[in-house]
Amino acid sequence: MKNKLLFLGPPGAGKGTQASIICSNLQLMHLSTGELLRAEVVGDTDIGKQVALIMNKGELVSDEIVLSIVRKKLVNANQAGWLLDGFPRNLLQAKALQTLLDELSQPIQAVVSIEIKDEILIERLISRGRTDDTEEVIRNRLKVYREQTSPLIDFYDQLGMLKAVFGEGDIEDVALRIRKVIE
Ligand code: AMP
């Protein structure tokens with residue numbers, strides 16, 4: 001089973017849910033930049049203070065902040081495998097990640113792209129009820145995704161790493177589809 005994974009997909013595609021399942025089954029480190037940033041906000045740290053407003057608008061936090069968080073986690077990882085969820089979010093981050101993973105000699109083994117229709121995304125995001133899930137912010141997060149993050153699908157496809165998975169239906173069914181592509 002592959003154990004160095006990256007999950008791509010729009011907000012609301014179920015990346016976090018599926019990442020948690022795969023990580024607990026395969027004992028991987030779940031590296032969710034969204035979760036890590038929310039913890040900084042809750043802890044009211046220096047970083048938290050810098051990013052709270054940006055996150056509440058559905059914009060991307062600066063690459064510098066996100067990259068330093070990811071670097072620290074990957075360099076200090078004490079598990080053999082990891083799953084990146086919500087990172088990278090743009091091409092600059094993807095290229096910086098390649099450089100970091102080259103340094104660590106830990107190449108990504110599969111990029112799983114979770115695919116889902118727009119109508120379902122919006123429904124799911126509205127029902128999730130997170131503070132950054134108001135309708136206006138959701139619309140902005142989807143726009144940011146389309147403009148900045150979705151080009152990564154082509155980027156990884158051209159590198160021959162992309163595995164597309166149909167993300168609609170029961171959580172367990174989606175989890176099984178993901179397991180199949182990371183075997
Ligand atoms: P998520 O939980 O992945 O939906 O992320 C929640 C919010 O955290 C996003 O809307 C961004 O404001 C911020 N964020 C998470 N990951 C990144 C990243 N890789 N780059 C920039 N901002 C991020």
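Look up a bit, the structure's there.
Procedures and definitions
Position numbers for residues start from 1 in each chain and track the written sequence from start to end. pLDDT decides what is reported in this predicted model: residues at 70 or higher carry local features, side-chain atom pairs at 80 or more are listed and counted, and totals for whole chains, interfaces and linings draw on all residues regardless. Only hydrogens and water are removed before side-chain values are computed, so all heavy atoms of the structure are retained for them. One heavy atom within 4 Å of a molecule or strand makes the whole residue count as near it. In protein, a polar contact means a hydrogen-donor-capable atom and an acceptor-capable atom, both N or O and within 3.5 Å, with residues adjacent in sequence counting only if both atoms are side-chain atoms; elsewhere, any N or O pair within 3.5 Å suffices. Areas reported here follow the Shrake-Rupley algorithm with a probe of radius 1.4 Å; residue values treat only the protein chains shown as occluding. Numbering of helices and strands runs from the N terminus; a helix is a DSSP stretch of H or I covering at least four residues, while a strand is a stretch of E covering at least two. Throughout, the ten residues Ala, Val, Leu, Ile, Met, Phe, Trp, Tyr, Cys and Pro are labelled nonpolar, Asp, Glu, Lys and Arg are labelled charged, and all others, Gly among them, are labelled polar. Helix axes are fitted only over the stretch in contact, all axes being lines through C-alpha atoms; the angle between N-to-C directions runs from 0 to 180 degrees. For classification, angles of less than 35 degrees are called roughly parallel, those exceeding 145 degrees roughly antiparallel, those between 65 and 115 degrees roughly perpendicular, and all remaining angles oblique. Two helices cross in a left-handed way if the nearer one is turned anticlockwise from the farther one by less than a right angle. They cross in a right-handed way if the turn is clockwise. Residues are treated as being in contact if the distance between any of their heavy atoms lies within 4.5 Å. Relative accessibility decides the category of a residue: with a 1.4 Å probe and only protein chains considered, values under 20% of the type maximum give buried, values over 50% give exposed, and everything between is partly exposed. We call two strands paired when DSSP finds no fewer than two bridges between them. Expected span of a helix, by definition, is 1.5 Å for each gap between consecutive residues, and there is one gap fewer than residues. Throughout, the arc means the angular range of directions from the helix axis out to the C-beta atoms.

Draft legend 1. Summary view of the site of the ligand. For the ligand, the set of nearby residues contains 15 residues, the closest of which are T33, R38, E59, Q93 and R141. In this structure, E59 approaches the ligand through a main-chain N or O atom, which is 2.6 Å from an oxygen atom. A distance of 2.7 Å separates an oxygen atom of the ligand from a polar side-chain atom of R141. Burial of the ligand by the protein chains amounts to 95% of its free accessible area of 480 Å². If you tally residues by element for the shell around the ligand, the top one is helix α2 (residues 33–42), at 4 residues. Taken together, the residues of the shell around the ligand break down into 6 nonpolar, 4 polar and 5 charged.

Draft legend 2. Just the packing of helix α1 (residues 15–26) against helix α9 (residues 171–181), in detail. Running from N to C, α1 and α9 point in directions that differ by 60 degrees, and their axes come no closer than 10 Å. One element, α1, and the other, α9, form an angle in the oblique class. Note that α1 runs across α9; the crossing there is right-handed. Together, T17, Q18, I21, I22, N25 and L26 of α1 and I171, V174, A175, I178 and R179 of α9 make up the contact between the two elements. When the residues that make up the contact of α1 with α9 are grouped by side-chain class, the tally is 7 nonpolar, 3 polar and 1 charged.

Draft legend 3. Region of the structure containing the pairing of strand β1 (residues 4–8). For β1, a buried count of 5 out of 5 residues is recorded, marking the element as mostly surrounded by other parts of the structure. Going residue by residue along β1, you find K4, L6 and L8 tucked away on one face and L5 and F7 tucked away on the opposite face as well. With 4 bridges connecting them, β1 and strand β3 (residues 82–85) associate as parallel partners. In the strand pairing of β3, L6 is matched with L84.

Draft legend 4. Focus on helix α5 (residues 91–104). Taking 1.5 Å of rise per residue, the 14 residues of α5 would be expected to cover 20 Å, and the 20 Å separating its terminal C-alpha atoms lies within 8% of that figure. Along α5, the residues classified as buried are Q93, A94, L97, L100 and L101. All buried residues of α5 lie within an arc of 125 degrees about the axis, which places them on one face of the element. Every exposed residue of α5 that faces more than 90 degrees away from the buried side is listed here: D102 and E103. Where α5 is buried, its residues touch β1, α4 (63–75), β3 and α8 (151–158). The N-cap of α5, judged by a side-chain oxygen 3.3 Å from the amide nitrogen of L92 a few residues on, is N90. Following α5 by one or two positions, S105 adopts a phi angle in the positive range, close to 50 degrees.

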